[in-house]
Amino acid sequence: MLINCVAYQDGKRLAEIDPKDIHRYIAMPGCFVWVAMLERDPATLEQMREEFDLHPLAVEDAQYGHQRPKIEEYGESLFAVLHLLEPDNGSLRVGEVNVFAGPNYVLTIRSHAEKGFQDVRTRCEREPELLKFGSGYVLYALIDAVVDRYFPLLDAVETELESIEDRIFAGTSPRENVEELYGLKQKLGIFRHAVAPLLEAVNNLYGARAPRVCTGMKEYFRDVADHLQRLNQTIESIRDTIATAIAVNLSMIGLQENETMKRLAAYGALIAVPTLIAGIYGMNFHHMPELNWEYGYLLSAAIMIGADLVLFLRLRKAKWL
Amino acid sequence: MLINCVAYQDGKRLAEIDPKDIHRYIAMPGCFVWVAMLERDPATLEQMREEFDLHPLAVEDAQYGHQRPKIEEYGESLFAVLHLLEPDNGSLRVGEVNVFAGPNYVLTIRSHAEKGFQDVRTRCEREPELLKFGSGYVLYALIDAVVDRYFPLLDAVETELESIEDRIFAGTSPRENVEELYGLKQKLGIFRHAVAPLLEAVNNLYGARAPRVCTGMKEYFRDVADHLQRLNQTIESIRDTIATAIAVNLSMIGLQENETMKRLAAYGALIAVPTLIAGIYGMNFHHMPELNWEYGYLLSAAIMIGADLVLFLRLRKAKWL
Amino acid sequence: MLINCVAYQDGKRLAEIDPKDIHRYIAMPGCFVWVAMLERDPATLEQMREEFDLHPLAVEDAQYGHQRPKIEEYGESLFAVLHLLEPDNGSLRVGEVNVFAGPNYVLTIRSHAEKGFQDVRTRCEREPELLKFGSGYVLYALIDAVVDRYFPLLDAVETELESIEDRIFAGTSPRENVEELYGLKQKLGIFRHAVAPLLEAVNNLYGARAPRVCTGMKEYFRDVADHLQRLNQTIESIRDTIATAIAVNLSMIGLQENETMKRLAAYGALIAVPTLIAGIYGMNFHHMPELNWEYGYLLSAAIMIGADLVLFLRLRKAKWL
Amino acid sequence: MLINCVAYQDGKRLAEIDPKDIHRYIAMPGCFVWVAMLERDPATLEQMREEFDLHPLAVEDAQYGHQRPKIEEYGESLFAVLHLLEPDNGSLRVGEVNVFAGPNYVLTIRSHAEKGFQDVRTRCEREPELLKFGSGYVLYALIDAVVDRYFPLLDAVETELESIEDRIFAGTSPRENVEELYGLKQKLGIFRHAVAPLLEAVNNLYGARAPRVCTGMKEYFRDVADHLQRLNQTIESIRDTIATAIAVNLSMIGLQENETMKRLAAYGALIAVPTLIAGIYGMNFHHMPELNWEYGYLLSAAIMIGADLVLFLRLRKAKWL
Amino acid sequence: MLINCVAYQDGKRLAEIDPKDIHRYIAMPGCFVWVAMLERDPATLEQMREEFDLHPLAVEDAQYGHQRPKIEEYGESLFAVLHLLEPDNGSLRVGEVNVFAGPNYVLTIRSHAEKGFQDVRTRCEREPELLKFGSGYVLYALIDAVVDRYFPLLDAVETELESIEDRIFAGTSPRENVEELYGLKQKLGIFRHAVAPLLEAVNNLYGARAPRVCTGMKEYFRDVADHLQRLNQTIESIRDTIATAIAVNLSMIGLQENETMKRLAAYGALIAVPTLIAGIYGMNFHHMPELNWEYGYLLSAAIMIGADLVLFLRLRKAKWL
């Protein structure tokens with residue numbers, strides 16, 4: 001579905017144009033066209049392929065989606081695939097945006113994601129000085145926006161991890177902790193697949209062999225790369241922490257087993273000791289003076305309770321109970 | 001065994017020819033011959049070696065098979081080894097296809113695999129524009145087909161892993177889980193051995209130093225490399241998940257041990273407490289008023305049952321039972 | 001907040017100048033201005049941006065902070081971000097210093113850190129021979145000071161680790177040990193994020209492609225890189241030790257479980273044996289000679305105590321008690 | 001000890017010659033001498049050093065042995081060290097062969113290994129076309145033979161690993177499994193030390209900077225490198241499997257502990273329940289009707305047996321017994 | 001402290017000279033001075049700095065010590081830092097030697113190490129042909145000597161590891177095993193820090209960009225690098241083995257727990273069974289014929305002993321006892 005189709009000249013918005021007039025605008029000097037599509041739609045895509053002379057392999061990738069992030073050169077044009085991450089009921093939804101950026105056009109196709117790029121367009125139109133760079137600047141602004149949206153999501157993962165850590169050391173719900181750590185690791189995998197290949201791709205946009213479309217934007221793409229580097233580092237750091245947390249949780253389970261065992265043994269002793277005493281007074285010796293005492297029974301009960309009390313206090317002191 | 005032997009000119013199929021006429025066709029300008037063999041067969045292989053002047057080391061590799069995936073240059077020709085993976089009774093069968101691709105010929109030898117490459121030939125013949133590139137395009141189409149067949153198989157591994165995950169967190173059959181995770185890891189090793197060396201090899205087909213046979217196919221081989229990269233990433237990600245799942249399963253076993261211990265202790269207490277009471281009333285004191293009560297026995301039974309009931313409810317509340 | 005603003009010429013301090021006169025001084029040959037700011041302050045930063053013609057992206061980074069350490073070239077100037085670590089109540093506070101170093105100016109912005117760089121300025125002014133190198137030398141002196149401050153903090157981490165090791169092998173407080181090892185690992189992560197990217201950045205300051213600002217300072221920047229390398233190595237080594245310590249602690253927990261189990265069983269036996277003896281003399285056989293003996297009861301008590309004594313000594317010898 | 005000393009010309013065997021005549025033959029055009037020694041022997045080695053003008057450092061290495069595999073250039077000559085692996089009573093014996101290969105000579109010194117290289121000499125003499133390449137071809141043939149001998153030994157390791165896997169999942173002899181996995185890992189280390197450095201060394205023999213002795217043998221050395229790559233991959237894969245197997249075995253030990261505990265508790269219950277019943281009928285209440293019943297005793301026995309039977313069946317059903 | 005100061009010319013020892021005459025000798029063609037110092041001593045160091053015109057940063061490093069191994073170029077000179085390892089009461093003492101090697105001088109400063117380099121000097125003077133290379137050869141001889149001293153120490157670590165392995169599989173003293181493995185790992189860290197950076201540094205001494213001082217010594221430095229490579233490989237291999245040994249030890253602890261549990265349960269059963277029998281004959285049924293038998297008591301004792309005997313034999317057969 002086509003969202004909008006705007007022509008720009010010398011960094012300024014000319015007009016919203018009809019897709020059929022694209023070829024006329026892109027033939028004008030200093031002019032470029034920025035088309036935004038939502039979800040893949042073969043007919044429109046085919047129309048765009050003809051207007052912009054897109055490479056069939058890139059179009060095929062855009063058609064089927066589910067690519068890994070990448071930025072590929074096809075002659076003078078670039079084809080970029082970015083992952084769009086959005087929170088979805090505690091997990092992450094992975095959308096995609098495909099960007100075709102040629103010398104005089106930008107085509108974006110967003111799919112499986114709710115939030116659009118209207119804010120990017122607004123930002124670009126507010127900065128005509130930079131928009132003069134043409135499609136290279138639009139590409140930068142799109143990547144920058146996508147990457148900036150990763151930060152709060154990754155922060156949420158860190159917060160979640162911290163709350164699990166607290167529970168691990170408080171010794172509560174080890175089963176849930178393991179399960180959530182596992183879930184967190186899966187989530188982290190989604191970030192890694194979004195960030196690491198993109199970092200690699202963006203690094204090629206500002207070096208000595210940067211594509212022509214990106215000319216003059218060196219500092220800007222390096223800045224995006226730096227943000228991706230920072231995300232990458234955070235991801236690796238969380239990943240490492242999760243592995244340690246799983247190991248630590250295992251230690252905690254071992255420790256709890258130890259403590260459970262001690263507590264059980266303590267309760268067992270509290271039953272076994274009076275059982276022994278009762279057994280002793282259940283012996284059938286003829287000559288057991290206590291048996292004939294008037295308060296022998298009470299005495300035996302007192303011994304049982306007394307022994308248990310002493311035992312209980314010592315066990316409590318030893319922290320077994 | 002020879003399956004078929006077809007001559008092509010300028011991207012169009014000329015005719016199915018007799019192997020003995022090969023040298024005549026490959027001498028014609030713009031003409032190349034595509035021979036398909038099934039299973040190794042020394043006699044035919046020798047015949048092909050002579051027709052196409054294949055390098056003895058490559059022929060030796062093709063003869064004995066069980067190579068790791070690779071693409072090697074021998075002068076103007078390429079020798080490629082690809083792994084063919086096919087599901088086989090829950091495990092994977094590893095077949096092999098050897099491809100000799102010279103300036104005017106392609107020879108494929110498939111072995112230990114059921115599915116052939118008729119669909120690749122059909123696809124190539126449907127695209128004469130591309131088939132004009134000659135043997136380079138056929139090589140691309142073959143690798144592309146082989147790689148595309150890996151995807152559904154790897155998806156099946158992911159699905160299997162997810163079902164094990166569910167069972168791990170449901171706490172059922174830990175022994176089977178471990179065994180299946182181990183099996184999955186072995187299976188993943190097969191994918192790794194098929195994908196990683198091939199990726200490395202394909203990466204050399206589209207750079208600045210690409211072999212002459214592959215001229216003009218840059219975008220196509222890069223596309224295959226991208227697919228292999230994606231497979232590689234999925235493999236690494238599954239591999240990582242399996243390692244975590246094994247660690248998590250160990251935690252789960254520890255937790256179950258903990259719980260088993262608690263449950264056992266609970267049952268033990270339910271027996272020990274009445275045993276103690278019975279022991280008390282088995283004492284031989286002369287002065288034990290309860291012994292003479294008419295309903296003393298019933299009372300003791302009531303105490304036993306009552307104590308157990310209280311205990312049972314508390315244990316249940318504490319989730320030990 | 002502006003701390004001070006000093007002009008230097010040919011390695012010697014000229015005067016503390018008014019920020020408004022900066023442009024006059026930086027126009028003088030062999031002259032450079034060194035401005036120090038504390039905490040970000042948009043107004044002053046904007047003023048500096050104009051005086052020194054700073055790149056908007058670098059200014060934006062300085063504005064928002066929380067960057068990873070890096071040194072970036074913007075034309076003839078460098079923009080450096082360094083982490084400042086300071087102990088804070090047992091944990092580490094992460095501050096930041098941003099340095100803009102152009103051919104004739106140095107601007108530092110320190111934030112979230114108490115200790116300033118007055119000592120660096122003093123050192124620079126004591127070495128006019130080196131200060132002649134201009135802003136490159138100041139940059140070196142700043143990085144060197146920041147890096148030197150990491151050493152005692154990392155030493156403290158090593159000491160902490162050693163005390164945990166002692167406790168692990170003494171078998172005391174396994175729960176605290178795990179928790180502290182985990183905390184130590186987190187702390188180490190902070191060092192890693194401060195050191196590793198900085199090392200990478202500094203390595204680019206003394207090679208063949210060093211920025212012009214750093215000309216002639218090769219040995220000095222290599223020396224800083226060497227210090228960072230040393231820190232890096234220590235961090236990796238501590239990291240490895242922590243992982244081993246966690247694994248060892250798990251073994252220790254298993255061993256303690258083993259020992260607890262043995263001790264519990266020993267105590268259990270000390271109760272079970274007399275219970276059995278009491279049970280035997282509680283049997284109702286008519287012909288049990290011991291029952292009629294005058295000292296039968298005492299004898300039975302003696303047997304119980306004797307059996308327990310023998311058992312106790314054997315268990316002690318076997319180190320179960 | 002000198003085994004044999006043969007001169008070759010234009011790929012054909014001239015004659016077995018006296019070591020003293022070596023200098024005469026190596027001066028003839030198209031002629032080279034191939035000397036084979038067994039075990040180091042200072043006198044002969046010194047003689048060879050003089051005849052062939054070997055570099056003292058290489059001679060020293062050959063003298064003392066226990067080198068890691070390597071191929072070093074000394075001027076126009078190559079000095080190669082290869083590990084020879086031979087099965088020895090269930091473990092591996094590590095022998096060594098040192099090869100000096102100059103433009104017109106090859107000297108091999110084999111030590112600590114039983115199997116010689118007569119088959120390599122035979123193969124070379126059967127292929128005069130290739131032997132024309134001179135010492136480079138002999139070097140290739142030697143490395144190829146050594147590498148080919150690794151394959152069956154590594155296969156044996158894989159087979160051994162598979163039999164351990166079977167036992168792990170059958171739950172038998174966990175102690176032996178751990179011990180054998182450990183032994184296997186040690187064995188694998190021997191392979192790694194033989195293969196990995198050799199692969200690195202051979203990779204330098206066929207690139208753009210290949211030594212002159214190896215000229216024209218590119219495809220052959222690449223083929224050896226490919227075999228080494230394959231061995232390397234198998235080693236890494238076994239190594240990974242062993243690590244997983246050790247982790248899995250730990251899980252299995254945990255599971256067995258769980259099961260042992262359940263079984264013990266089950267047996268305990270089968271004793272505890274009749275003990276309770278006996279305790280009840282050992283109470284001394286005056287009014288316990290069952291005590292006076294004629295078949296009370298039998299009844300109580302029946303209850304005990306009955307209770308145990310029910311318990312037994314339920315425990316068996318729950319797979320605790 | 002200055003140990004000795006000797007001048008050499010054309011590979012031959014001229015004379016032991018006074019430090020004050022150094023400048024005269026180093027001005028003579030083909031002449032170089034080799035000064036050896038023990039422990040740092042600011043005054044002498046300052047004197048040397050002036051005589052040889054050493055770089056202040058290198059002098060500073062030498063002054064404070066505790067550097068990581070490195071070899072740095074300062075103009076025409078090299079500054080090398082090597083770790084000296086010496087056994088010290090079961091642990092390792094880490095000393096240091098700093099070497100300044102210029103075109104016509106060598107200065108060594110040894111600290112924290114007992115063994116000196118007199119043997120290196122002797123060796124050098126015995127080989128005037130090589131000593132003609134000047135300070136480059138002395139540098140080589142020093143590094144070679146330091147590296148050769150690492151070998152027996154690392155062998156000792158291997159031996160220690162083997163003895164721990166034996167104890168792990170014999171199942172003795174798991175607590176000591178863990179502690180010693182941990183200690184061994186720490187020791188290994190010391191080796192790593194001595195070897196790995198040095199290897200990296202030495203690798204730069206024989207390539208295409210080797211420093212001028214090392215001209216003509218290519219094979220010699222490559223030989224040292226090869227020794228370091230071998231050490232490195234052994235270190236990595238021991239490191240890997242220690243990690244496996246820790247994991248295996250954990251398995252062994254789990255297995256012992258299993259066995260302890262079984263043995264405890266076996267002993268428990270040997271007490272519980274006669275307790276049950278005693279309980280049965282302690283029941284108060286009026287009609288229990290055995291109670292009236294003359295040998296009832298003996299019989300019951302016989303049953304108890306008999307039951308325990310049977311049980312004992314079965315448990316022993318099942319290897320629980």
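What counts and what doesn't
Residues numbered from 1 in each chain as written. Chains lettered and ligands numbered in written order. Predicted model: local features only at pLDDT ≥ 70, side-chain atom pairs only at ≥ 80, totals over all residues. Heavy atoms only, no water. Helix = DSSP H or I, 4+ residues; strand = E, 2+ residues; numbered from the N terminus. Rg over C-alpha atoms; globule rule 2.2 N^0.38 Å. Buried < 20%, exposed > 50% of the residue type's maximum accessible area, 1.4 Å probe, protein only. Contact = heavy atoms within 4.5 Å. Lys, Arg positive; Asp, Glu negative; His and termini not counted. Charge placed at Lys NZ, Arg CZ, Asp CG, Glu CD. Pairing = 2+ DSSP bridges. Least-squares fit on C-alpha atoms with pLDDT ≥ 70 in both. 1 Å grid on protein atoms, 1.4 Å probe; cavity = no way out; pocket = protein on both sides within 12 Å on 5 of 7 lines; lining within 4 Å. Points joined across faces, edges and corners; volume = space filled by probe spheres on them. Nonpolar A, V, L, I, M, F, W, Y, C, P; charged D, E, K, R; others polar. Salt bridge = Lys/Arg side-chain N within 4 Å of Asp/Glu carboxyl O. Buried area = accessible area lost by both parts, 1.4 Å probe.

**Student:** What's the story with the overall build of chain A in this structure? I'm lost.
**Tutor:** Each helix and strand in chain A was counted, giving 10 helices and seven strands. In terms of overall dimensions, chain A is more spread out than a globule: its C-alpha atoms have a radius of gyration of 35 Å, far above the 20 Å expected for 321 residues. Viewed in the frame of its principal axes, chain A has a C-alpha envelope of about 125 × 40 × 30 Å. Each of the 321 residues in chain A was classed as buried or not, and the buried ones make up 56%. Put simply, 63% of the contacts in chain A that link residues at least 6 apart link residues at least 24 apart. Side-chain charges of chain A comprise 33 positive and 45 negative groups, with the mean position of each set lying 3 Å from the other.

**Student:** Sorry if this is basic, but what is going on with the pairing of strand β2 (residues 12-16) of chain B here?
**Tutor:** The side chains of a regular strand alternate, residue by residue, between the two faces of the sheet. Residue and element names in this part refer to chain B. Relative to β2, strand β1 (residues 2-9) is paired through four bridges, and the arrangement is antiparallel. Counterpart to Tyr8 in the pairing with β2 is Arg13. Taken together, β1 and the strand that follows it, β2, pair antiparallel across an intervening segment of two residues, in which Asp10 is found at a positive phi of about 50°.

**Student:** Honestly, the relation of the copies chain D and chain B in this entry has me stumped. Any pointers?
**Tutor:** Each of the two chain copies can be generated from the other by rotation about an axis followed by a shift along it. Superposing chain D onto chain B takes a rotation of 72° combined with a translation of 0.0 Å along the rotation axis, leaving an RMSD of 0.0 Å. On the angle and the small slide along the axis, the relation comes out as a five-fold axis. When C-alpha distances to the rotation axis are compared across chain D, the minimum falls at Gly282 of chain D, with a value of 4.7 Å. Of all interface residues in chain D, a mere 20% are interface residues in chain B too; the two copies therefore contact each other through different surfaces.

**Student:** Would you take a moment to explain the relation of the copies chain E and chain C for this structure?
**Tutor:** It takes a turn of 72° to lay chain E on chain C, together with a shift of 0.0 Å along the axis; the resulting RMSD is 0.0 Å. Little of the interface of chain E is mirrored in chain C, where only 18% of its interface residues are also at the interface.

**Student:** Just checking my understanding: could you explain the layout of surface pockets for this structure?
**Tutor:** If a probe as big as a water molecule is rolled over the atoms, it shows which places are left empty. By volume, the second largest pocket amounts to about 2100 Å³. In this structure, the second largest pocket is lined by 49 residues; those nearest its centre are Ala247 of chain A, Ala243 and Ala247 of chain B, Ala247 of chain D together with Ala247 of chain E. Elements that contribute at least two residues to the lining of the second largest pocket include exactly α8 (218-281) of chain A, α7 (174-203) and α8 (218-281) of chain B, α8 (218-281) of chain C, α8 (218-280) of chain D together with α8 (218-280) of chain E. Of the residues belonging to the lining of the second largest pocket, the class tally is 21 nonpolar, nine polar and 19 charged.

**Student:** Before we go on, may I ask you to explain the pattern of salt bridges in this structure?
**Tutor:** Once their charged atoms are close, side chains differing in charge can pair, the charge on each being opposite to the other. Evaluation of the coordinates by the stated rule reveals 120 salt bridges over all chains. Across the pair Glu86 of chain B and Arg93 of chain B runs a salt bridge whose closest N-O atoms are separated by 2.7 Å. Using a relative accessible area of 23% as the deciding quantity, one classes Arg93 of chain B as partly exposed. Its salt-bridge partner being Arg13 of chain D, residue Glu16 of chain D comes within 3.5 Å of it at the nearest N-O pair. Note on Arg13 of chain D: relative accessible area 39%, which makes it partly exposed.

**Student:** Before we go on, may I ask you to explain the interface of chain D and chain B in this structure?
**Tutor:** Chain D puts 46 residues into the contact, and the matching count from chain B is 49 residues. A combined buried area of about 4300 Å² lies between chain D and chain B, and 60% of that area is made up of carbon and sulfur atoms. For the pair chain D and chain B, the interface holds six salt bridges. Only α6 (135-170), α8 and α9 (289-292) of chain D provide two or more residues apiece to the side of chain D that touches chain B. With 32 residues, α8 of chain D is the largest single contributor of residues to the side of chain D that touches chain B. Taken together, the residues of the side of chain D that touches chain B sort by class into 21 nonpolar, 14 polar and 11 charged.

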